[in-house]
Amino acid sequence: MMYMRNKFFRQCMVVLPRNYATKRSQTSLDVNDEVGASFFAKHIGSNYWKWHSVLNKHPELKNLKSKDILNSAKALNKLEFTVDDILTRPMILYTNELTLENRYVVLNECGFEAITIPLLAKFVSAMNRSVVSLKAFRYIPYDTNVIDRLRTTFSDIEVELSKDYECSESMELKFLRQHILNCYLKQKLGATASDIEKIWKTYGRIRHKSFSSVQNIIDVLTRDLNFSYERIIKNAFLLYADAENVKRILNEVPTIDGQDIKELLFKRPKIMMTSCDALLTTMQHIKEFGIGEGAILRCLEILTLGPDTVLERLKDLNEVEEFKVLSSNPRVLRLVHYQNKARLRLDYLNQLKVRCASLHILSCSSEAFARFARDGSDKTKGRDVVVYLSNVMNKSENNLRSLLSRHPNWCHIPAIQVKQCYEFLLEKQFSTEDIYNNIHIMLYPIKRIEEKLIHLKTSDFINELKSNENSEELTTNEMLTLVLYLIESEFHFTGDGIWTEQHTQHVENFNNLLPDFPESLNKMYKYGLKTTPTSITSKKESSDSFKEYVFN
């Protein structure tokens, strides 16, 4: 019998793949370099030399985050395991706290008599064994009726087993649990056979969730969040959520920008899959970057990302000029959420010489982006420019749009150019009010503005100015107005002075100009459609290209 027991343990041994630790360390954004034998001895117990020996055998443990180690150790301590128990299977610290607690509860629900750390480490293998074999090896007492024990774990209804599928202890434990859970979901939620099939096909991890936790989360969803049974079935991933974590979110994050968190969780159920601690940390990161809570309401999906990921992407906003100009936009968190996709799209549009990459285009659906790339002239609706200027000038968005729209080509100017021009004028000692009074000056190339400013300081111009008996020294406001006049006089006041030499023949239709998508972008469902490049077509002149442009 002892031989058979040892043989079973060898068969059940869960061997971590060689690249397991590597993958964990690659996804970790905040590896603590101080994690070593001293750290383990100080925070978990035992002595330096025992942990030194453990780390020599399992160096992967050094790649774990200190907070994850402490959380796992805390969970094991809560389950009344000692330091000596942990030292028998130190790699158990690789398992996160929630998984440890859930596995312990599942084993207890199944009737396992002595739950040890080796058994926790071999949890998946144990679930693959039949109840008969588990009883043979005395992990579950012979007199335990596992089927009734599992069925009665659900206390809210009396689960009746389906007659269409015979349950017996010769079945693998995972299939036995799955069948009983199916019966519960059908009777409790009214799930159909097709619903059940879809749940297992899409959310297979639910098979390892404890029955008590499934019952608890359904109770929280229906009682506290007014979820209907139908809505729970449509968002079946919620069955894997932690009820205690959801309760913490409701208590510790009651509102976001004045809106009830219950309404937001109902609107975006996936947020409940994020731990409350991660949620609070993410919101703190957003606040530290000067972004208000109102921005979160415009992109609730940001709360589904890890806090480390959000922090890194927020930092990236200051590294890419096209992103930096959008940092004050109330929808900026959409850019953070879709940042990887936005970077790829920005690079692709740069290949097309498309300058007006708006926040919407960078974060919109694949279909909308493909339409813009195929059909779009290089222009936006001006939203990003208006929002940026409203923030830096402290002016009404409506007034700014009304003034800017007097220029026929203002939507062809990217926000980044407006930002650079505004900062250039401030450096030249022009006040915000001067710039606002001549707001269209920011639509023009800096090089052209600088040329006219230099011209205003030439001796010929100064002498001409002095020759006028009534003339006085120009004010800064008058200088900007004169710069605008001098630039557009060269273009017959059509508004075409905004084009740089590289963009005087701005393309209105990219149908035949698209380069091949890079291999990294060649995914129709994600980045848009790939078209066949052909010969370049000439630009059709706009019928209103000679429309007179009025400055004020």
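Refer to the structure presented above.
Residues numbered from 1 in each chain as written. Predicted model: local features only at pLDDT ≥ 70, side-chain atom pairs only at ≥ 80, totals over all residues. Heavy atoms only, no water.

Enquirer: Help me out: how do you make sense of the nonpolar core in this one?
Expert: Ranked by internal contacts, the top residues of the largest apolar core, which has 161 residues, are L93, F112 and M442. In terms of residues, this core owes the most to one element, helix α12 (residues 173-189), which gives 8 residues. Excluding residues that lie within four positions of it along the chain, F112 makes contacts with L107, L119, A126, M127, L134, Y139, I140 and L173. (Core = buried A, V, L, I, M, F, W, Y, C linked by side-chain atoms within 4.5 Å. Buried < 20%, exposed > 50% of the residue type's maximum accessible area, 1.4 Å probe, protein only. Helix = DSSP H or I, 4+ residues; strand = E, 2+ residues; numbered from the N terminus. Contact = heavy atoms within 4.5 Å.)

Enquirer: Would you mind going over the packing of aromatic side chains with me for this structure?
Expert: The description of two aromatic rings rests on the distance between their centres and on the angle between their planes. Taken as a whole, this structure holds 10 aromatic pairs when the rule is applied. Taking the centre distance of 6.2 Å and the plane angle of 80° together, the rings of F81 and Y104 count as edge-to-face. Within this pair, whereas F81 is found in the loop between α5 (66-78) and α6 (83-88), its partner Y104 is found in helix α7 (residues 97-110), the two being separated by 23 residues in sequence. For F81, a relative accessible area of 9% gives the class buried. Seen in terms of ring centroids, F137 and Y139 are 6.5 Å apart; in terms of plane orientation they differ by 50°. Their pairing is tilted. For the residue pair F137 and Y139, the accessibility class agrees, reading buried in each case. Clustering of aromatic rings is evident, with ring pairs tying together F39, F40 and W51. Directly above the ring of Y240 sits R205, whose terminal nitrogen or CZ lies 4.2 Å from the centroid. When the ring centre of Y240 is taken as origin, the NZ or CZ atom of K209, which lies over that ring, is 4.8 Å away. (Phe/Tyr/Trp six-rings, centres within 6.5 Å; stacked < 30°, edge-to-face > 60°. Lys NZ or Arg CZ within 6 Å of the ring centre and 35° of its normal.)

Enquirer: Just checking my understanding: could you explain the packing of helix α26 (residues 383-393) against helix α28 (residues 415-427) for this structure?
Expert: For any two helices packed against each other, the geometry comes down to the angle between their axes and how far apart the axes lie. The interhelical angle for the contact between α26 and α28, taken along N-to-C directions, is 25°, at an axis separation of 9 Å. Of the possible angle classes, the one that applies to α26 and α28 is roughly parallel. In this structure, the crossing between α26 and α28 has a hand that is right-handed. From α26, D384, V385, Y388, L389, V392 and M393 reach across to α28, where they touch A415, V418, K419, Y422 and E423. When the residues that make up the contact of α26 with α28 are grouped by side-chain class, the tally is 8 nonpolar, no polar and 3 charged. (Axes fitted to C-alpha atoms, helices over the stretch in contact; angles between N-to-C directions. Parallel < 35°, antiparallel > 145°, perpendicular 65-115°, else oblique. Left-handed = near helix turned anticlockwise from the far one by under 90°. Nonpolar A, V, L, I, M, F, W, Y, C, P; charged D, E, K, R; others polar.)

Enquirer: How should I be thinking about helix α30 (residues 446-456) in this particular structure?
Expert: An α-helix turns once every 3.6 residues. As a result, residues three or four positions apart point the same way. Every buried residue belonging to α30 is among R448, I449, K452, L453 and L456, and all of these are buried. Looking down the long axis of α30, one finds its buried residues gathered within 135° of arc, a one-sided arrangement. Within α30, the exposed residues directed more than 90 degrees away from the buried face are K447 and I454. (Arc of directions from axis to C-beta.)

Enquirer: Hey, could you run me through the pattern of salt bridges in this one?
Expert: Evaluated as defined, the whole model comprises 19 salt bridges. Notably, a salt bridge pairs E101 with K78, separated by 4.0 Å at the nearest N-O pair. You can see E101 sitting in helix α7 and its partner K78 sitting in helix α5, a full 23 residues away along the chain. Judged by relative accessible area, which is 62%, K78 ranks as exposed. Here E252 and R248 are joined by a salt bridge, their closest N and O atoms 2.8 Å apart. Placement of both E252 and R248 in helix α16 (residues 243-252) is noted, with a separation of 4 residues, approximately one turn of the helix. The exposure class assigned to R248 is partly exposed, which follows from its relative accessible area of 30%. Via salt bridges that share partners, D219, R223 and D224 belong to a single interconnected network. (Salt bridge = Lys/Arg side-chain N within 4 Å of Asp/Glu carboxyl O.)

Keep in mind that these numbers describe shape and distance, not what the molecule does.
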